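# Observations on the model geometry
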Amino acid sequence: MSFDIFISYRRNDTRDQVSMIAETLSHEFLVFRDSNSIHYGEEWPKEIETALSSAKVVLVIIGKNWFEVGQYNKRRIDSEEDWVRKEILCALKQEKTIIPVLIDGMGMPVAEALPENICKLSERQAFKILMEDLNNSIEPLRKRIKNLLNSEKSNLLELDERIHPRYIRKKLLSEGSIASVYKVEDTVLERDVAIKVLDREDLQEYFDQSVRDAVKISDELYFISIYDVDLKRYPHYYIMQFIDGQSLRKLISNNEQGLPIEEVIEIVLKIGDALVRVIRNPRLEFTYAHIKPSNIMLLTVKHDKEYGYEPFISPLNLCQNFCAKKILEELECKSKDLEAQAYQEALAYQLPETFGMSRLESPSPEQSNQYMLGLLAYELLTGEIPSVLQDLEDLKQKGGKAFKQLTSITDKRPECPKILETVILRMTSLNPSRRYETLEAALDVLHNVSFDVKTDLNTVKESYERCVNTPNCDQEFFKAFYCNFLAKCPHAAKKFPSLEDEDNWKRQYQLLKEAVLLLFTYFEEDQRYCGHTEQQKLNVLTRIADTHHRHGIPAKFYEEFVHSLIETVTAFDPWSQTTDVHREIVEDAWKKVLKPGVEYMKEYA
């Protein structure tokens, strides 16, 4: 007997919940659940293997005791004889559609928590069910399974005949309201590829034009390559590169509090640099990419013993050929056909200017790509789909005025550098004229965002080097500092000998250079010995602090010293004068680096 659905679960974990889920789904599908589907006298292992092989969908039910401990105080999942582990491994090997089902708020197990041979389970998009509201919460899952089981409809059977014998369709990878993507074996080149198939005959014209546009950019770095197309007979399709990784949407789902800041910047810069290249190439006639997490695949790569991600962007963008009215119609369809998360993403990743322009106008590539990339950066940092629209009805009624400015990132991620938040909020300004003039200008700032203390110090050292490398720096930079300082703090003049005297100037100039470098060193040591007492630190400022104490230098002088020094730096550092944001980056880094040493000196005053 063949089954539509195979349910894998632990009896001590979710026996009662599985009973309710199976009963609900069995009204429409053939469901295999061990104790109810195996008859007395039948070989239990054989029946499970047969049922699993015949099923198209495998549900892995995960409750709070899924990682339960068995004999010898060892987790059952770690035993090669564990049947749940065997079922998952078999489903992975047979490339079944596996849907982890998380019960009542359970989180998705990370790869590190799973045995190596089934760690790929963590890459599957999970579905959440609340048992107290089972009928409603299971409905999107029911629709998903129904669509999966209907994938063998007549047009796909016809497709299989058209692509055979070179291509053999193996499994469904993803499904939307417009097109589906399948993993396909290329028997000639002996490799796996993917095929994107249009499911909507009414959108053929839009699809065909979008595919032609996509082919132009598909060979660019960080875009998924398109190998072949067939736009003559329905269903229309194209063959593309298969990325054996996970979608960015999946990565975000596994990091609900947001990704590490370093990873966010790395991913955003790679995608941004790819967009800049295609924007700069007039031959490509590029407008904007539909940058959203589900349209980006990630390949895990290793560089210098560290792992990172290489993004691959889908070059297809149907939205660029849709007018505002058509987008609203498609969003209406998505609201009925897609799961809640997929619909929320589709609603959030829209361009405000699309709904406020005349039909003769078109969005600027520089501004549009900037906005979409900013939305992506926001979600990567917060783990939340950007809340820029109240709902579809509000968009229908208000058009472009329905869009809301993004809220603070640092409220959700206090450790996020303020300057990074400033950049992203500017990139996502609702008024395109308030964004950066070019996408490249925004990326230039992101390239220099400080997200750890090491980068702060590097920023300050590079800034200082640019200042002191100016011609006659001792005559210009340092004297400008002293003029600023004494103007802000006239009482300090009494503590300094006349700077008009050449010998006094040379001495004071050398003391200032030494003080600045010692403040840098103190910052490094402060981070290295974080949590130690002052007596435990190798303190490079003690001698200067003692000298200042003997000369009666008050604490307020140090505050004016910092203000005057940073003001002088931003006046002499050419990089900080590029834009207001560049200046803020330099100022912020200098404040962070000077603060530990200055606070120590003030304690001595």
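Read on for an overview of the structure. Being a predicted model, the structure only gives us computed values, none of them experimental.

### As for the packing of helix α20 (residues 542–550) against helix α22 (residues 580–604)
- Running from N to C, α20 and α22 point in directions that differ by 40°, and their axes come no closer than 9 Å. Relative to α22, the element α20 lies oblique. Relative to α22, the crossing made by α20 is right-handed. Of α22, the residues touching α20 (which contributes Thr-542, Ile-544, Ala-545, Asp-546, His-548 and His-549) are Tyr-600, Met-601 and Tyr-604.
- The residue makeup of the contact of α20 with α22, split by class, is five nonpolar, three polar and one charged.

### Digging into the state of the cysteines
- Applying the stated criterion to the full structure yields zero disulfides.
- Take Cys-119: it sits in no disulfide, and the sulfur closest to it among the cysteines is that of Cys-90, at 17 Å.
- Cys-489 carries a free sulfur, and the closest cysteine sulfur to it, the one in Cys-483, is 14 Å from it.
- Residue class for Cys-489 comes out buried when judged on its relative accessible area of 6%.

### Section: the packing of aromatic side chains
- Counted under the stated rule, the structure contains 16 aromatic pairs.
- Centroid distance Trp-66 to Phe-67: 5.1 Å. Interplanar angle 80°. Geometry classified as edge-to-face.
- With relative accessibility at 27%, the residue Phe-67 sits in the partly exposed group.
- Look at Phe-481 and Phe-561: their rings are 5.4 Å apart centre to centre, the planes differ by 80°, and that puts the pair in the edge-to-face class. With Phe-481 in helix α18 (residues 473–488) and Phe-561 in helix α21 (residues 555–572), the pair connects residues that are 80 residues apart, well separated along the chain.
- Among the aromatic residues, those joined into a cluster by ring pairs are Phe-481, Tyr-482, Phe-485 and Phe-561.
- The lysine or arginine in question, Lys-86, covers the ring of Trp-83, its NZ or CZ lying 4.8 Å from the ring centre.
- Note that Arg-169 overlies the ring of Tyr-182, its terminal NZ or CZ placed 4.9 Å from the centroid.

### Some details on the side chain of Asn-369
- Structurally, Asn-369 is set in helix α13 (residues 365–382).
- The exposure class assigned to Asn-369 is buried, which follows from its relative accessible area of 0%.

### Topic: the packing of helix α11 (residues 324–337) against helix α12 (residues 340–348)
- Direction vectors running N to C along α11 and α12 enclose 165°, while the axes themselves pass 8 Å from each other. Comparing the axis directions of α11 and α12 gives the class roughly antiparallel. Crossing handedness for the pair α11 and α12: left-handed. Residues Leu-331, Lys-334 and Ser-335 of α11 touch α12, and the partners they reach there are Tyr-343, Ala-346 and Leu-347.
- Along the lines of polarity and charge, the residues of the contact of α11 with α12 split into four nonpolar, one polar and one charged.

How each quantity is defined
- By convention here, each chain's residues receive numbers from 1 onward along its written sequence.
- This being a predicted model, a pLDDT of at least 70 is required before a residue's local features are given, and a value of 80 or more before pairs of side-chain atoms are given or counted; all residues contribute to the totals for chains, interfaces and linings.
- Hydrogens and waters are ignored; side-chain quantities use all the structure's heavy atoms.
- Axis definition: a line fitted to C-alpha atoms, over the contacting stretch in the case of helices. Angles run 0 to 180 degrees between N-to-C directions.
- To qualify as a helix, a DSSP run of H or I must reach at least 4 residues; to qualify as a strand, a run of E must reach at least 2; elements of each kind are numbered from the N terminus.
- We call two directions roughly parallel when the angle between them is under 35 degrees, roughly antiparallel when it is over 145, roughly perpendicular when it lies between 65 and 115, and oblique otherwise.
- A crossing counts as left-handed when the near helix is turned anticlockwise from the far one by less than a right angle, and as right-handed when that turn is clockwise.
- Any two residues having at least one pair of non-hydrogen atoms within 4.5 Å are treated as being in contact.
- Note on residue classes: Ala, Val, Leu, Ile, Met, Phe, Trp, Tyr, Cys and Pro are nonpolar, Asp, Glu, Lys and Arg are charged, and everything else, Gly too, is polar.
- Two cysteine sulfur atoms make up a disulfide if the distance between them is within 2.5 Å.
- Throughout, exposure labels follow a simple rule: accessible area from a 1.4 Å probe, protein chains only, divided by the maximum for the residue type, with under 20% read as buried, over 50% as exposed, and the rest as partly exposed.
- Stacked, tilted and edge-to-face are the three classes applied to pairs of Phe, Tyr and Trp rings, where Trp contributes its six-membered ring and a pair requires centres within 6.5 Å; stacked means planes under 30 degrees apart, edge-to-face means over 60, and tilted covers the rest.
- Ring-over charges, as used throughout, are those where CZ of Arg or NZ of Lys falls within 6 Å of the ring centre and within 35 degrees of the ring normal.

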